[in-house]
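# Architecture at a glance
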Protein chains: 2
Amino acid sequence: MMRFAGPFLAVDWGTTNRRCFRIEAGRVTDSASDDRGAAAVTDFAAEAAGLRARLGDLPMLLAGMVGSSIGWRTAPYAPAPAGIPALAAALTWIDARTVIVPGVATARDVMRGEELQLLGAAIAGMAPPDALLCQPGTHSKWARMEAGRIAGFTTAMTGELFALIRSHGLLAAQLGAPAVAGAAFLEGEAEGRRRDLAASLFGIRASGLLGLRDDADAASHASGLLIGAEVAARLAESRADAVHILTDSPLGGLYAAAIEAQGARAILLDSRTAFISGAAALATEIA
Amino acid sequence: MMRFAGPFLAVDWGTTNRRCFRIEAGRVTDSASDDRGAAAVTDFAAEAAGLRARLGDLPMLLAGMVGSSIGWRTAPYAPAPAGIPALAAALTWIDARTVIVPGVATARDVMRGEELQLLGAAIAGMAPPDALLCQPGTHSKWARMEAGRIAGFTTAMTGELFALIRSHGLLAAQLGAPAVAGAAFLEGEAEGRRRDLAASLFGIRASGLLGLRDDADAASHASGLLIGAEVAARLAESRADAVHILTDSPLGGLYAAAIEAQGARAILLDSRTAFISGAAALATEIA
């Protein structure tokens, strides 16, 4: 077949953004990112043609929400445990040189797009083959890797909860400042560890009324609460003593601070590098 | 003074609603409720005159958000532990026959309006003098009563979180049905007990994508998750084996179901009766 034996394009196509890379012999030779996420796009064929016009008329590997019900075509999930061969066995071909990567599902959770990063991190040796990996975001993923495969994972909608309380309802007026990994974040993290979220969040309001905390610190405190509760639940479940964080945003630093505060080691990894590694490995598998 | 020795009006004046009672010798002889909550009102003097025109030109006791920064005047908090005498010592007089009842504060939490219900329940013998009382709502209160006084309490913004996920964001489309105390609620409650909220909530989405649960059950499941997590946190903290629930809404039944599922006894009490008992006791105290 040899469709993916040479240079190809790999697209990490999320709900609101996408990043596209031209990969040659495992290295990125050109790239583009924009906000043409799956939710903003209707004519996916035209979008794919546009990406080819920008980055080269090459075979194209598509990962992420482009394979969901809001995407180009609904691709199936590969069942966990899943490695590169499991993804290769469940591809959805749009045409002979355009292919959607499957998401991965367990009996109770789903992912789309994160799988190439996770497998790529193991393949590139960025994380050990047996490790706990975290991908912070609106819906953050915590994946248990075993022998370099995705053995199981849990999604937490921590980022979405933060966005909701920030935009609507009682606390919104207090949460305008950016969240930073300082003292207020760590104080929130310590409280969040108690996993008593609905009460801890109201405490932000009460602290404001009682004059206990400057509202300038409230967003950092709230972020600490939410991330602290998430980290505590995942560390309690996994009993891991280290977490590898795949990220390309400041959110990675907040997660690292919370993980270290709870006594585990946090290792920050570049999610872009991991994605490219995973995409290259899958291209090789189906070359 | 004798201002409150005879018939009087007691108003439970919340953010969005108010209930007003004419009380004579401890009994309600007339009442009115409407949606003229503190957030909807600007001229509180005119509103008070209107209530007197409807229910009698009598001394008036005002409790709730009417004493907050969005109310008629900001009334101080009485510090916990607080009984009727502590409230009587911290009244805010508008004029010689119009008085705002203080809220109650601990070092880290605040209430306004709930205090009369809590103290009234103890005074009327609806709950024992030492008990754990719960007031479900947008911001539910859990109060530890000792010797008939409010010794401490915790507020959980469970109801607000439910409203937020129902109106905005990823889960909103799944949560249109009413929450009822059936199998889906109890399944959610059992999950919520794990106090892993951000992950459990994403599970609603994943269950939808994987076809594991009918969306008609999703709102009940979400309600069970949130209430289950709240109840678990409060029961773990208090080690109480019974909870007295002050309520006038179906939410009381959902809390009772979650409390019983977690092995404690739930006793439903009428919050209106408790409020009237508390208001009558305070009127007697300041007569």
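Residues numbered from 1 in each chain as written. Chains lettered and ligands numbered in written order. Predicted model: local features only at pLDDT ≥ 70, side-chain atom pairs only at ≥ 80, totals over all residues. Heavy atoms only, no water.

As recorded in an unreviewed UniProt entry, chain A goes by the name 2-dehydro-3-deoxygalactonokinase, listed as coming from Sphingomonas canadensis.

Topologically, K141 of chain A is positioned in strand β11 (residues 140–146). The buried charged residue K141 of chain A lacks any salt bridge, with D109 of chain A as its nearest oppositely charged partner at 4.4 Å. Polar side-chain contacts of K141 of chain A include one of 2.6 Å to the backbone oxygen of V110 of chain A. In contact with K141 of chain A, other than residues within four places in its own chain, are D109, V110, M111, E114, L133, C134, Q135, T154 and T155 of chain A together with F202 of chain B. (Helix = DSSP H or I, 4+ residues; strand = E, 2+ residues; numbered from the N terminus. Buried < 20%, exposed > 50% of the residue type's maximum accessible area, 1.4 Å probe, protein only. Lys, Arg positive; Asp, Glu negative; His and termini not counted. Salt bridge = Lys/Arg side-chain N within 4 Å of Asp/Glu carboxyl O. Polar contact = N/O pair within 3.5 Å; in protein donor to acceptor, adjacent residues only side chain to side chain. Contact = heavy atoms within 4.5 Å.)

Geometry of a packed helix pair, given as the angle between the helix axes and the separation of the axes. Residue and element names in this part refer to chain A. One can describe the packing of helix α6 (residues 197–209) onto helix α7 (residues 218–238) by two numbers: an axis separation of 10 Å at closest approach and a directional angle of 170 degrees. Comparing the axis directions of α6 and α7 gives the class roughly antiparallel. The residues of α7 that touch α6, namely those facing L197, S200, L201 and I204, are A218, H221, A222, L225, L226 and A229. Residue classes in the contact of α6 with α7 are distributed as eight nonpolar, two polar and no charged. (Axes fitted to C-alpha atoms, helices over the stretch in contact; angles between N-to-C directions. Parallel < 35°, antiparallel > 145°, perpendicular 65-115°, else oblique. Nonpolar A, V, L, I, M, F, W, Y, C, P; charged D, E, K, R; others polar.)

Let us now look at the sheet that holds strand β3 (residues 27–34) of chain A. Residue and element names in this part refer to chain A. Reading across from one edge, β3-β2-β1-β4-β7-β6 is the order of the six strands in this open sheet, with mixed pairing throughout. Looking at the sheet topology across the chains shown, the edges are occupied by β3 and β6 (92–95). Taken pair by pair, the neighbouring strands of this sheet meet at an average axis angle of 20 degrees, ignoring direction. Taken together, the five bridges between strand β1 (residues 8–13) and strand β4 (residues 60–64) define a ladder with parallel strand orientation. Each bridged residue has a counterpart across the sheet, and for A10 the counterpart in β4 is L61. (Pairing = 2+ DSSP bridges.)

Residues and elements named next belong to chain B. Spatially, the three strands line up as an open sheet ordered β5-β8-β9, and their pairing is mixed. Because the sheet does not close on itself, it has two edges, and the strands there are β5 (77–79) and β9 (110–111). Alignment of β5 against strand β8 (residues 103–105), held across three bridges, turns out to be parallel. Each residue of the ladder has a partner; that of P79, found in β8, is A105.

Turning our eyes to something else, we now look at the interface of chain A and chain B. The interface of chain A with chain B comprises 38 residues on the first partner and 38 residues on the second. Both sides of the chain A and chain B interface together cover about 3,000 Å² of buried area, and 65% of this is carbon and sulfur. Taken together, the connections running from chain A to chain B amount to six salt bridges. Close ionic contact of D196 of chain A with R234 of chain B constitutes a salt bridge, the shortest N to O distance being 2.7 Å. (Buried area = accessible area lost by both parts, 1.4 Å probe.)

Turning our attention to the packing of aromatic side chains. Each aromatic ring pair is specified by the distance between its two centres and by the angle formed by the two planes. On inspection of all chains with the given rule, the structure shows 10 aromatic pairs over all chains. A ring pair is formed by F21 of chain A and F275 of chain A, whose centres lie 5.9 Å apart and whose planes are at 45 degrees; its orientation type is tilted. In this pair, F21 of chain A is assigned in strand β2 (residues 18–24) and F275 of chain A in helix α9 (residues 271–285), connecting sequence segments 254 residues apart. Across the pair, exposure class does not vary: F21 of chain A and F275 of chain A are buried alike. Each ring, one from F4 of chain B and one from W93 of chain B, has its centre 6.2 Å from the other, and the planes form 55 degrees; the classification is tilted. Of the two residues, F4 of chain B is situated in the segment before β1 (8–13) and W93 of chain B in strand β6 (residues 92–95); the sequence distance between them amounts to 89 residues. (Phe/Tyr/Trp six-rings, centres within 6.5 Å; stacked < 30°, edge-to-face > 60°.)

The next subject is unusual backbone geometry. Residues and elements named next belong to chain A. The linkage connecting A80 with the following residue, P81, adopts the cis geometry, with an omega of 0 degrees. Inspection of the secondary structure assignment puts P81 in the loop between β5 (77–79) and α2 (84–88). With a phi angle near 50 degrees, A147 is a residue other than glycine that sits in the positive phi range. Mapped onto the secondary structure, A147 falls in the loop between β11 and β12 (149–156). Given a relative accessible area of 61%, A147 falls into the exposed group. Even without being glycine, R239 reaches a positive phi, approximately 55 degrees. Relative to the helices and strands, R239 is located in the loop between α7 and β13 (242–247).

With 15 residues, α9 of chain A should reach 21 Å at 1.5 Å per residue; the first-to-last C-alpha distance of 21 Å fits that figure. The set of residues buried in α9 of chain A consists of S271, A274, F275, I276, S277, G278, A279, A280, A281, L282 and A283 of chain A. (Expected span 1.5 Å × (residues − 1).)

Glancing now at the packing of helix α5 (residues 183–192) of chain B against helix α7 (residues 218–238) of chain B. Residues and elements named next belong to chain B. Running from N to C, α5 and α7 point in directions that differ by 35 degrees, and their axes come no closer than 6 Å. For the pair α5 and α7, the crossing hand works out as right-handed. Contacts between α5 and α7 involve A184, F185, E187, G188, E189, E191 and G192 from the first element and S220, H221, S223, G224, L225, I227, G228 and A229 from the second. Each residue belonging to the contact of α5 with α7 can be placed in one class, and the counts come to five nonpolar, seven polar and three charged. (Left-handed = near helix turned anticlockwise from the far one by under 90°.)

Look at any regular strand and the pattern is simple: side chains alternate between the two faces of the sheet. Residue and element names in this part refer to chain A. In the sheet, β6 pairs with strand β7 (residues 98–100) via three bridges, with the strands oriented antiparallel. Bridge pairing in β7 links D95 to T98. Taken together, β6 and the strand that follows it, β7, pair antiparallel across an intervening segment of two residues.

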